[in-house]
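So you can see what is in the structure, the chains are spelled out below.
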Amino acid sequence: MYDFAYHRPKSVADAIGLLKSKPEARAMSGGMTLIPTLKQRLARPSDVVDLGGVKELAGIKVEGNNVVVGGMTRHADVATSAEVKAAIPALAYLAGHIGDPQVRNRGTIGGSIANNDPAADYPGAVVALNATVTTNTRKIAADDFFKGLFETALAEGELVTSVSFPKAEKAAYMKFPNPASRYAMVGVFVAKTASGVRVAVTGAGATVFRVKAMEEALAKNFSSEAIKDIKIPADGLNSDIHGSAEYRAHLVGVMARRAVDAANK
């Protein structure tokens with residue numbers, strides 16, 4: 001690790017002030033990505049702003065037809081939340097299958113989506129449920145938030161303060177995990193809400209993406225039979241030692257059908 005100054009602010013305002021006053025500073029949520037990056041000397045921030053002391057950023061509440069999850073809420077808390085289990089069981093299930101217990105008890109939803117790792121689970125839920133990401137300055141629609149590989153709509157010094165998920169009529173998440181990391185080689189979140197049907201895929205490409213053909217088929221007939229013949233092109237999908245692009249394309253169809261079956265139970 002290179003030397004850096006460590007800060008642990010107590011409020012969002014203090015955290016933003018630090019990030020704006022120190023151009024080379026980095027915010028840290030759970031540290032699941034930043035700490036390994038620092039250890040490998042792949043990043044050299046002048047300052048690390050630890051958001052762990054900002055209590056106002058953590059917590060879960062139900063507001064009307066939405067479940068609002070604070071940006072610093074840990075995966076384990078989402079997985080065990082009675083409010084989440086009652087309103088959107090698929091979201092609790094997703095959170096309970098992120099990584100391993102150590103990751104679930106340190107990692108946060110805000111840190112996960114801000115980092116936008118292509119194999120992360122939460123982007124699938126954000127896009128499929130058509131969630132709204134709230135920052136310290138604005139609200140960002142799910143379809144506008146994730147831009148590309150490790151890239152989001154967040155500006156410099158902008159922090160995720162909460163994510164608002166609409167309740168779903170039916171929803172489920174299924175993934176094919178890497179056996180070592182438990183990250184998604186392919187994960188598919190299927191959701192039927194008041195605004196329609198959405199199918200979001202994570203792990204397969206550079207960033208989360210929707211499958212419009214499946215959405216249109218499921219809007220007419222919400223069953224796995226309706227999407228069994230839909231093929232996903234392998235062009236542009238991830239290919240590595242764990243699985244080829246063609247294999248991941250095949251897995252999208254398998255996981256999507258399993259997710260629809262789970263949502264219908």
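See the structure printed just above.
So, here is what we can say about the structure in this document. (Residues numbered from 1 in each chain as written. Predicted model: local features only at pLDDT ≥ 70, side-chain atom pairs only at ≥ 80, totals over all residues. Heavy atoms only, no water.)

### Some remarks on the overall build of the protein chain
A tally of regular secondary structure across the protein chain gives 11 helices and 14 strands. Whereas a compact globule of 265 residues would reach a radius of gyration of roughly 18 Å, the protein chain reaches 18 Å, a difference of no more than 12%. Burial statistics for the protein chain: of 265 residues in total, 54% are counted as buried. Across the protein chain, every contact between residues at least 6 apart in sequence was considered, and the portion connecting residues at least 24 apart equals 59%. For the protein chain, the exposed surface amounts to about 12200 Å²; the carbon and sulfur share of it is 50%. Counting 32 positive and 26 negative side-chain charges, the protein chain places the averaged centre of each group 4 Å from the other. (Helix = DSSP H or I, 4+ residues; strand = E, 2+ residues; numbered from the N terminus. Rg over C-alpha atoms; globule rule 2.2 N^0.38 Å. Buried < 20%, exposed > 50% of the residue type's maximum accessible area, 1.4 Å probe, protein only. Contact = heavy atoms within 4.5 Å. Areas by Shrake-Rupley, 256 points an atom, 1.4 Å probe, with all protein chains shown as cover. Lys, Arg positive; Asp, Glu negative; His and termini not counted. Charge placed at Lys NZ, Arg CZ, Asp CG, Glu CD.)

### Examining the pairing of strand β12 (residues 184–193)
The side chains of a regular strand alternate between both faces of the sheet. Within β12, nine of the 10 residues are buried, which leaves the element mostly enclosed by the surrounding structure. Here strand β11 (residues 170–177) runs beside β12; their pairing, made up of eight bridges, is antiparallel. Opposite A171, over in β12, you have A191 as the bridge partner. Here β11 folds back onto β12, and the loop between the two strands holds six residues, one of which, R182, carries a positive phi near 70°. (Pairing = 2+ DSSP bridges.)

### A look at the nonpolar core
By size, the foremost hydrophobic cluster in this structure holds 40 residues, and its most contacted members are I113, Y122, V126, F165 and F189. Counting 28 residues, the second-largest nonpolar core is a separate cluster that includes V186, V199, A249 and M255. (Core = buried A, V, L, I, M, F, W, Y, C linked by side-chain atoms within 4.5 Å.)

### Some thoughts on the sheet that holds strand β1 (residues 5–7)
Within a sheet, neighbouring strands are paired by backbone hydrogen bonds and run either parallel or antiparallel to one another. A sheet is described by the order of its strands in space; here three strands give the open sequence β1-β3-β2, paired in parallel fashion. Two strands bound the open sheet, and with one partner strand each, they are β1 and β2 (25–28). Strand-to-strand twist of the sheet, defined as the mean angle between neighbouring strand axes without regard to direction, takes the value 20°. Sheet topology note: the β2/strand β3 (residues 47–50) ladder contains four bridges and is parallel. Across the sheet, residue M28 finds its bridge partner in β3, namely D50. (Axes fitted to C-alpha atoms, helices over the stretch in contact; angles between N-to-C directions.)

### Describing helix α10 (residues 212–220)
For α10, the full list of buried residues reads M214, E215, A217 and L218. Where α10 is buried, its residues meet β12, β13 (196–202), β14 (209–210) and α11 (245–263).

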